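Structure assessment
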Amino acid sequence: MQYPSFTKEHKSMMAKYLTKEVFDELKDLKTKSGFTLEQAIKSGIDNPDSGIGIYAGDKESYDTFGALFDPIIEEYHGFSKDDKHKSNLNSDELSAPNPDPKNEYIVSTRIRVGRNLADFPLGPAISKEQRDEVENRVSLALGSLEGSLAGKYYPLLGMSEADRVSLIEDHFLFKAGDRFLESAGLNRDWPSGRGIYHNNEKTFLVWINEGDELRIISMQKGGDVKEVFERLVLAISELEKKIKFAFSEHLGYITSCPTNLGTAMRASVHIALPKLAKDMERFKTITDKHHLQIRGVHGEHSQSEGGIYDISNKRRLGITEVQCVQDIYDGVKELIKTEKELKAKKS
Ligand code: ADP
Ligand code: CIR
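Structure report, in brief. (Residues numbered from 1 in each chain as written. Chains lettered and ligands numbered in written order. Predicted model: local features only at pLDDT ≥ 70, side-chain atom pairs only at ≥ 80, totals over all residues. Heavy atoms only, no water.)

In this section: unusual backbone geometry. Note that the residue after Trp 190, namely Pro 191, is joined by a cis bond; omega there is 0°. Structurally, the position occupied by Pro 191 is in the loop between α8 (179-183) and β3 (195-199). Phi at Ala 264 takes a positive value of approximately 60°, unusual for a residue other than glycine. Structurally, Ala 264 can be placed in the loop between β7 (252-253) and β8 (265-272). Ala 264 gets classed as buried once you look at its relative accessible area, which sits at 0%. (Helix = DSSP H or I, 4+ residues; strand = E, 2+ residues; numbered from the N terminus. Buried < 20%, exposed > 50% of the residue type's maximum accessible area, 1.4 Å probe, protein only.)

Moving on, we get to the site of ligand 1. Around ligand 1, the surrounding shell holds 18 residues, and the nearest of these are Ser 108, Arg 110, Arg 215, Arg 295 and Val 297. A distance of 2.8 Å is found between an oxygen atom of ligand 1 and a side-chain nitrogen or oxygen belonging to Arg 112. Taking His 171, its side chain carries an N or O atom lying 2.8 Å from an oxygen atom of ligand 1. Protein coverage of the free-state accessible area of ligand 1, which is 560 Å², stands at 93%. (Near = heavy atom within 4 Å. Polar contact = N/O pair within 3.5 Å; in protein donor to acceptor, adjacent residues only side chain to side chain. Areas by Shrake-Rupley, 256 points an atom, 1.4 Å probe, with all protein chains shown as cover.)

A complete count under the given rule lists 21 salt bridges for this structure. Notably, a salt bridge pairs Lys 32 with Glu 60, separated by 3.7 Å at the nearest N-O pair. Of this pair, Lys 32 sits in the loop between α2 (20-26) and α3 (37-46) while Glu 60 sits in the loop between α3 and α4 (61-64), placing them 28 residues apart in sequence. Overall, the relative accessible area of 25% leaves Glu 60 in the partly exposed class. We note a salt bridge from Arg 295 to Glu 300, for which the minimum N-O separation is 3.6 Å. (Salt bridge = Lys/Arg side-chain N within 4 Å of Asp/Glu carboxyl O.)

Moving on: the packing of aromatic side chains. All told, the structure shown has eight aromatic pairs when counted by the stated rule. Aromatic side chains Tyr 3 and Phe 23 sit 5.4 Å apart centroid to centroid with 85° between the ring planes, which places their arrangement in the edge-to-face category. Of this pair, Tyr 3 sits in the segment before α1 (13-17) while Phe 23 sits in helix α2, and the two are 20 residues apart along the sequence. Of the residues examined, Phe 23 reaches a relative accessible area of 1% and is grouped as buried. Relative to Tyr 253, the ring of Phe 247 lies with its centre 4.9 Å away and its plane at 65°, an arrangement referred to as edge-to-face. An aromatic cluster of three or more residues is present, and its members are Tyr 3, Phe 6 and Phe 23. Positioned above the aromatic ring of Phe 245 is the side chain of Arg 115, whose terminal nitrogen or guanidinium carbon lies 6.0 Å from the ring centre. One residue, Arg 115, lies across the ring of Tyr 253, its end atom 3.4 Å from the ring centre. (Phe/Tyr/Trp six-rings, centres within 6.5 Å; stacked < 30°, edge-to-face > 60°. Lys NZ or Arg CZ within 6 Å of the ring centre and 35° of its normal.)

In short, shape yes, function no, at least from these values alone.
Rendered as structure tokens:
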């Protein structure tokens, strides 16, 4: 492989840190599952608008290609090579009374974590047989859940197009054909091995074999962040009894995208902020202060609709799960306060 010919359109962290020197150091290396630098950076090369532009094929990728992953991890999470990841799933330590009890701003709240199986490569390097085996093991484990977590697994194979589209529209299911995942090798053999598990109320859901082997999701209408967190914590602890997840003392839970390492947690609200939307500078000052990311209503790389935004924690590594949720909680409180002030001024 030759050093990639980056253009000025290539804005990813991968393009920034892949100097000719780093490239020469890594270009001929391979992990035990056969994952190469070329595969790791393909998504960022094919998609110049990538923000990150790199994926791992296995846990070992983070060591083998550390000269490239480390500075990206440091810039994204503010987490250095010598830092240690920490975990805290104790909801008693979360101070989060509903910030919008009258349901004026927050449409819904969702918290997800990514997980991958300890004994398998990550999605970009997995074989079809291994992926199908992951689907079998995970759906079996999910099938034994009880009480509020009991539900049913719906494989993508055999799902009607109408059901698939409505699950996506309603924000429950991942979309097909994501070009970032496609280039990373994460869409190979689609739709085999992929699917969604959910309880009857669709408040507890698990995606199988999308960007990570599991995305464990708790969501509901309104702004009761603590209830959503508590449901997720219960689900994680039940699943951990049945499945061994890929984990490292340094990087926490191992995920295919370096932005998801550590807690692998993204806590988000869909929130209506029509006034702040007209002053994006002020909006961004608040979200930056609280380490938050702004996405559109249909997820990453989508646009806002009707002044509704997806606001979530950006950092996931080197801070605990409780801190991830506290980041968005504190930020959302300030966003609501500012939106109220702007509303009062105009009327
Ligand atoms: P991920 O959360 O796994 O990083 P995305 O950004 O693609 O992935 O979002 C996945 C789906 O979850 C999208 O359909 C998105 O609209 C939905 N979603 C995210 N946050 C919320 C929320 N607070 N309420 C309802 N749906 C949400
Ligand atoms: C990018 O670089 O923009 C995409 N590969 C997405 C990166 C971050 N998102 C993610 O996986 N959560």
